[in-house]
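Coordinates in review
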Amino acid sequence: MSDRLLILGAGPTGLGAAYRLGQVGHENWSIRERNGYVGGLSASFRDDRGFTWDVGGHVVFSHYPEFDRFFEEMTRGEVFRHERKSYIRIASRWVPYPFQNNIRHLPPELLEECLQGLEEASRRPGPPDTTNFLAWNVSRLGRGITRCFLQPDNEKRWACPLDMLSATWVGDRVSPVDYGRIVENVRLERDDISWGPNKTFQFPRHGGTGAIFEAMVPRLGERLRLSREAVSIDPRARTVRFSDGSQESYDALLTTIPLDHLLGRIEGAPEPLVASARRLRRADGLIVGIGLNKPVPTDKCWIYCPDAAAPHFRTTYFSNYSPFNAPDEEHYSLMCDISHSDLRPRNRDTIVEETIQGLIATGILAPEDRDAIVSTYRIDAPYTYPVPTLERDAILDALHAWLEPLGIHSRGRFGAWLYEIGNMDHSVVMGMQWVDSILSGERENVWLDRV
Ligand SMILES: Cc1cc2nc3c(=O)[nH]c(=O)nc-3n(C[C@H](O)[C@H](O)[C@H](O)COP(=O)(O)OP(=O)(O)OC[C@H]3O[C@@H](n4cnc5c(N)ncnc54)[C@H](O)[C@@H]3O)c2cc1C
């Protein structure tokens, strides 16, 4: 119990660990954060017009009772509970999410293409093709649904071709297929929107998603240091050097730094491992917020947008999550998620205007809504989506096999580089379980089993 524990990064993973350390009463630990604020990708920002913005569309849903307790304690019940009202905007139609269950809303020629592909897929013998994520989608849902929706939607989000992704990560992130039910939905003209772990979700009343994590700050006191970036790690001496020149020692280190950065900062890391960490793929994010001087025209939550006419893959009616995300009820806010990468570059300087044009082209805004725009806000967020490529798991196994015996434990969205356990609930619980593993030898189920 006297081990010195050092946590790098005060995002959900690091703060989950800090919360657990407080619960068990361990004394010898501290947490260091590069930014001048906590929350990482789950932080929120308020602009000078009174709009609150997240780093892309965040909603709270949970797989774990430990996270539920953490969330309840941080928000003290000051939350809104919502039913998901999510759509795909395609061919000027609104198709309720999940897409494949609601294809009856498509125009006749697209519906025909999707049904034909589904029919072919349903006749395919054996398990789905797991060669890659593209082949997997075609074999499960057919060429029609893949061409119309799954491929353009996913390629926008991952910012790379889908045959670079593996098919082994999906879990509860992709809706399962029931051919009979899909055909029945079309025949009976029935909407089928119940699937998914985020069918209902919560959102803090005030301060955006970031408020959940800001609530940890008063508990951390001197243990938290902001604006302190870890710049190098000496694994033999078990010390970390920071951007302000300070140095600290550890017995065990929890790092939530993106794995490729981490390897680049460890003194004496073998060059082949450093090079393999650089092969881990990611999408970078640009978040565009649009604040309008109008009452919100719909109760929709978010909209997927596979259409190439718009740069974003998702638009969130963010003031529908909490009215306090906008200055008052005479205003509403849209938040758009854009991914980019070396393979799919985007121009930061023109992205706000391109997004507005895309919103108009896809009918989410009317041309005259331009006059009602009173705020635009851009968040440049490198490292938003850890891409589950075909070679990812082999790279991760080799990296952790070297890091773990050195007492360097890399966890969290980009520390573990596992999209399938990359949400806030996973991250907080990953941090908690790391503490239990270090102090009590318990198994880190979330990280090890990826569930
Ligand atoms: C667009 C988008 C939408 C999302 N939507 C949802 C959602 O709806 N629901 C959900 O549950 N989750 C969602 N997430 C996931 C959520 O944001 C992550 O689960 C969570 O933020 C991961 O926490 P983390 O601590 O692992 O990493 P991060 O949030 O990335 O935090 C890591 C921290 O480490 C710090 N750091 C990095 N390098 C250093 C260094 N050298 N020294 C010191 N500190 C350093 C960073 O500044 C950061 O604060 C979404 C994420 C994105 C990008």
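Residues numbered from 1 in each chain as written. Predicted model: local features only at pLDDT ≥ 70, side-chain atom pairs only at ≥ 80, totals over all residues.

Some details on the overall build of the chain
Looking only at helices and strands, the chain has 13 helices and 19 strands in total. Whereas a compact globule of 451 residues would reach a radius of gyration of roughly 22 Å, the chain reaches 22 Å, a difference of no more than 12%. By its C-alpha atoms, the chain is 65 × 55 × 40 Å across when sized along the principal axes. A buried classification covers 47% of the 451 residues belonging to the chain. Within the chain, contacts between residues separated by at least 24 positions form 74% of all contacts whose residues are at least 6 apart in sequence. (Helix = DSSP H or I, 4+ residues; strand = E, 2+ residues; numbered from the N terminus. Rg over C-alpha atoms; globule rule 2.2 N^0.38 Å. Buried ≥ 20, exposed ≤ 12 C-beta atoms within 10 Å, placed from the backbone. Contact = placed C-beta atoms within 7 Å.)

Considerations on the site of the ligand
Looking at the ligand, there are 35 residues lining it, with Gly9, Gly11, Gly40, Gly56 and Gly412 nearest. Secondary structure elements with two or more residues in the shell around the ligand: α1 (12–24) and α12 (424–440). Partitioned by chemical class, the residues of the shell around the ligand number 10 nonpolar, 18 polar and seven charged. Looking at the shell around the ligand, you find at least three residues from each of domain 1 (5–38 + 216–280 + 388–449) and domain 2 (43–62 + 198–205 + 283–386). (Near = placed C-beta within 6 Å. Nonpolar A, V, L, I, M, F, W, Y, C, P; charged D, E, K, R; others polar. Domains from an automatic or database assignment.)

Remarks on the packing of helix α9 (residues 271–278) against helix α11 (residues 392–403)
Their axes nearest at 10 Å, the elements α9 and α11 cross at an angle of 135°. The angle between α9 and α11 places the two elements in the oblique class. Of the two possible hands of crossing, α9 and α11 adopt the one that is left-handed. Every residue of α11 that contacts α9 at Leu273, Ser276 and Ala277 is listed here: Ile395, Ala398, Leu399 and Trp402. Of the residues in the contact of α9 with α11, the class split is six nonpolar, one polar and no charged. (Axes fitted to C-alpha atoms, helices over the stretch in contact; angles between N-to-C directions. Parallel < 35°, antiparallel > 145°, perpendicular 65-115°, else oblique. Left-handed = near helix turned anticlockwise from the far one by under 90°.)

With respect to α1
With 13 residues, α1 should cover 18 Å at 1.5 Å per step; its first-to-last C-alpha distance of 18 Å lies within 8% of that length. Here α1 lies mainly inside the structure; 10 of its 13 residues are buried. Taken as a whole, α1 has its buried residues at Pro12, Thr13, Gly14, Leu15, Gly16, Ala17, Ala18, Tyr19, Arg20 and Leu21. Positioned one or two residues after α1, Gly25 has a phi angle of 80°, which is positive. (Expected span 1.5 Å × (residues − 1).)

Looking at the domain arrangement of the chain
In terms of domain boundaries, the chain breaks down into domain 1 (5–38 + 216–280 + 388–449), domain 2 (43–62 + 198–205 + 283–386) and domain 3 (99–187). In this structure, domain 2 and domain 3 have C-alpha centres spaced 26 Å apart.

Quick look at the sheet that holds strand β2 (residues 29–32)
Within a sheet, neighbouring strands are paired by backbone hydrogen bonds and run either parallel or antiparallel to one another. Strand order in the open sheet formed by five strands is β9-β2-β1-β13-β19, and the pairing between neighbours is parallel. If you trace the sheet from one side to the other, it starts and ends with β9 (224–225) and β19 (408–410), each paired once. As paired strands, strand β1 (residues 5–8) and β2 are joined by four bridges and run parallel to one another. Bridged to Leu8 within β2 is Arg32. (Pairing = 2+ DSSP bridges.)

Overview of the sheet that holds strand β14 (residues 282–292)
One open sheet accounts for seven strands, arranged β7-β6-β15-β16-β17-β14-β18; its pairing is mixed. Each edge of the sheet is formed by a strand with only one pairing partner; in this case those strands are β7 (93–96) and β18 (373–386). For this sheet, the mean angle separating the axes of adjacent strands, direction not counted, is 25°. Across three bridges, the pairing between strand β6 (residues 86–90) and strand β15 (residues 302–304) is parallel. Residue pairing in the sheet places Ser86 in a bridge with Trp302 of β15. Against the sheet, helix α10 (residues 351–361) contacts β14, β16 (314–317), β17 (332–340) and β18, and its axis sits at roughly 70° relative to β14.

Brief notes about the environment of Gly210
With respect to the secondary-structure elements, Gly210 resides in helix α6 (residues 210–214). When the C-alpha positions of Gly210 and Leu224 are compared, they lie 17 Å apart, and in sequence the two are 14 residues distant. Sequence-distant contacts of Gly210, defined by excluding residues within four places in its chain, comprise Gly39, Ser42, Ala43 and Ser44.

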